[in-house]
Amino acid sequence: SLPAKLINGGIAGLIGVTCVFPIDLAKTRLQNQQNGQRMYSSLSDCLIKTIRSEGYFGMYRGAAVNLTLVTPEKAIKLAANDFFRHHLSKDGKKLTLLREMLAGCGAGTCQVIVTTPMEMLKIQLQDAGRIEAQRKLMAAQAQLSSSPAAAAAAAAEPAVERRPTATQITKELLRSKGIAGLYKGLGATLLRDVPFSIVYFPLFANLNKLGQKDPNVKAPFYVSFLSGCVAGSTAAVAVNPCDVIKTRLQSLQRGVNEDTYSGILDCTKKIWQREGPTAFFKGAYCRALVIAPLFGIAQVVYFVGIAEFLLDLLPKRRA
């Protein structure tokens, strides 16, 4: 039933996000840093520096927004794909690859209603630590070059952290730009999520079928998990250039000497000219590490069902 699908999709999203959010934070920070003052050299370097400067929970900045909105997002995505697959099938026959891709396209289009504002708020919170760390480093370098004594005095002063909350950002965007402020980067989000779903859902469905001994019997949960991981990571890397553009466009705060962008074409042109084509794959391995378990878990919980999934993990007892 639709309510069961929505509940399973929501639970799947909550479990997945909790497991992989620190990697997602590192992905955002790696994608946002431009040539010039680079704070992080790799995923591990980003996580280590984040823990040192912001503590363990610094890796979960923005998680509250993600956890709040990931339930409707994943529920809409998975349920919409089922809806379109059902209506595109003819008399219960197997869908052609083209129809599977069309169903995925419909699912990706529907989910941006929730995805865009969720990503917009999450990115501001995730990247705030990078901006603050860069600001402190630049200030310390400037003081050191002018006066070592002044630099030592500044280091002794208590640091004032600038940590915006999701509520503050939302109120400011609604006040200054209205509801459109929360949907900044909508076009880039569509550019990422629609191709992702076109690749992901058909690939998952066909990989999952390989583990079915009978067409009328569900595949084992580990097959659904592995199929979700492979399909998710493949689709994630394929659309990573679009994800880099989306992340840059949705970032409201910029670091020192970092570019601003007026739209998708302007962003693409500046990244290509100033950072080279490899910049479009910044954070690609992080995104693959995020999406693989996220969608693996999502598909297990969604397709097997949370009750059946729990029963599979527990030893069966005879009455």
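Cut-offs used in this document
- Residues numbered from 1 in each chain as written.
- Predicted model: local features only at pLDDT ≥ 70, side-chain atom pairs only at ≥ 80, totals over all residues.
- Heavy atoms only, no water.
- UniProt positions renumbered as here; feature names shortened; annotations may be inferred.
- Helix = DSSP H or I, 4+ residues; strand = E, 2+ residues; numbered from the N terminus.
- Expected span 1.5 Å × (residues − 1).
- Buried < 20%, exposed > 50% of the residue type's maximum accessible area, 1.4 Å probe, protein only.
- Arc of directions from axis to C-beta.
- Contact = heavy atoms within 4.5 Å.
- Core = buried A, V, L, I, M, F, W, Y, C linked by side-chain atoms within 4.5 Å.
- Salt bridge = Lys/Arg side-chain N within 4 Å of Asp/Glu carboxyl O.
- Phe/Tyr/Trp six-rings, centres within 6.5 Å; stacked < 30°, edge-to-face > 60°.
- Patch = residues over 30% accessible without salt bridge, like charges linked within 9 Å, V, L, I, M, F, W, Y side chains within 5 Å.
- Areas by Shrake-Rupley, 256 points an atom, 1.4 Å probe, with all protein chains shown as cover.
- Axes fitted to C-alpha atoms, helices over the stretch in contact; angles between N-to-C directions.
- Parallel < 35°, antiparallel > 145°, perpendicular 65-115°, else oblique.
- Left-handed = near helix turned anticlockwise from the far one by under 90°.
- Disulfide = S-S within 2.5 Å.

An unreviewed UniProt entry lists the protein chain under the name Mitochondrial glutamate carrier 1, with Quiscalus mexicanus given as the organism. The record in UniProt for the protein chain states the following under Subcellular location (unreviewed entry): "Mitochondrion inner membrane". Its UniProt record gives the protein chain a comment under Function (unreviewed entry), which states: "Mitochondrial glutamate/H(+) symporter. Responsible for the transport of glutamate from the cytosol into the mitochondrial matrix with the concomitant import of a proton. Plays a role in the control of glucose-stimulated insulin secretion."

Chemist: Can you break down helix α10 (residues 264-275) residue by residue, with the values?
Modeler: The end-to-end C-alpha distance of α10, which contains 12 residues, comes to 16 Å, matching closely the 16 Å that a straight helix rising 1.5 Å per residue would cover. Looking at α10, one finds that the buried residues are C267, K270, I271 and E275. All buried residues of α10 project into a common sector of 100 degrees when viewed along the axis, lining one side. When the buried face of α10 is taken as reference, the exposed residues oriented beyond 90 degrees from it are L265, W272 and Q273. Buried residues along α10 sit in contact with α9 (240-250).

Chemist: Can you tell me about the nonpolar core, naming the residues and giving the values?
Modeler: What tends to happen in soluble globular proteins is that the nonpolar side chains get buried as a cluster. F196, Y200, I291, L294 and F295 are the most contacted members of the largest nonpolar core, which has 28 residues in total. For this core, the elements supplying multiple residues, two or more each, are α1 (2-32), α3 (63-88), α4 (97-146), α6 (166-177), α7 (186-209), α8 (221-238) and α11 (284-304). Not counting the four nearest positions on each side in its chain, F196 is found in contact with K77, G232, A235, A236, V239, R287, I291 and F295.

Chemist: Talk me through the pattern of salt bridges; I want residue IDs and the actual numbers.
Modeler: Scanning the model with the defined rule gives 19 salt bridges in all. A salt bridge links D193 to R192; its shortest N-O distance comes to 2.7 Å. Taking relative accessible area as the criterion, R192 reaches 4% and is therefore assigned buried. A salt bridge links K270 to D266, with the nearest nitrogen and oxygen atoms 3.4 Å apart. Remark: D266 and K270 occur in helix α10; sequence separation between them is four residues, near one turn of the helix.

Chemist: Residue-level account of the packing of aromatic side chains, with values.
Modeler: Inspection of every chain in the model, using the stated rule, returns eight aromatic pairs. Ring centres 5.4 Å apart and planes at 80 degrees place the aromatic pair F83 and F84 in the edge-to-face group. You can call F84 partly exposed: its relative accessible area is 25%. Residues F196 and Y200 carry aromatic rings whose centres are separated by 5.7 Å and whose planes lie at 10 degrees to one another, so their mutual orientation is stacked. Pair noted here: F196 and Y200 are both in helix α7, with a separation of four residues, about one helical turn. Taken as a pair, F196 and Y200 share a single burial class, namely buried.

Chemist: Mind laying out the environment of A284, listing which residues take part and the relevant values?
Modeler: Following the sequence through the fold, A284 ends up in helix α11. Given the relative accessible area of 11%, A284 is considered buried. Residues A284 and Q31, spaced 253 residues apart in sequence, show a C-alpha to C-alpha distance of 8.9 Å. Once you skip the residues sitting within four places of it in the chain, A284 turns out to touch V237 and N240.

Chemist: So what's going on with a nonpolar patch on the surface? Residues and values would help.
Modeler: Together, Y222, F225 and L226 make up a nonpolar patch on the protein surface, roughly 300 Å² of accessible area in all. Structurally, Y222 is set in helix α8. Taking relative accessible area as the criterion, Y222 reaches 48% and is therefore assigned partly exposed.

Chemist: Mind laying out the environment of K282, listing which residues take part and the relevant values?
Modeler: Structurally, the position occupied by K282 is in the loop between α10 and α11. For K282, the contacting residues outside a window of four places in its chain are L30, Q31, Q33, Q34, R38, N240, V244, R248 and E275.

Chemist: An account of the packing of α7 against α9 is requested, with residue identities and associated values reported.
Modeler: One can describe the packing of α7 onto α9 by two numbers: an axis separation of 9 Å at closest approach and a directional angle of 160 degrees. In terms of orientation, α7 lies roughly antiparallel with respect to α9. Crossing hand, α7 versus α9: left-handed. On the side of α7, the interface is formed by A188, T189, L191 and R192, while α9 contributes C242, D243, K246, L249 and Q250.

Chemist: Go over the state of the cysteines with me, naming the residues and quoting the values.
Modeler: Per the counting criterion, the structure on display carries zero disulfides. Here C46 stays unpaired: no disulfide links it, and the sulfur of C286, its closest cysteine neighbor, is 7.7 Å away. Here C46 falls in the buried class, since its relative accessible area comes to 0%.

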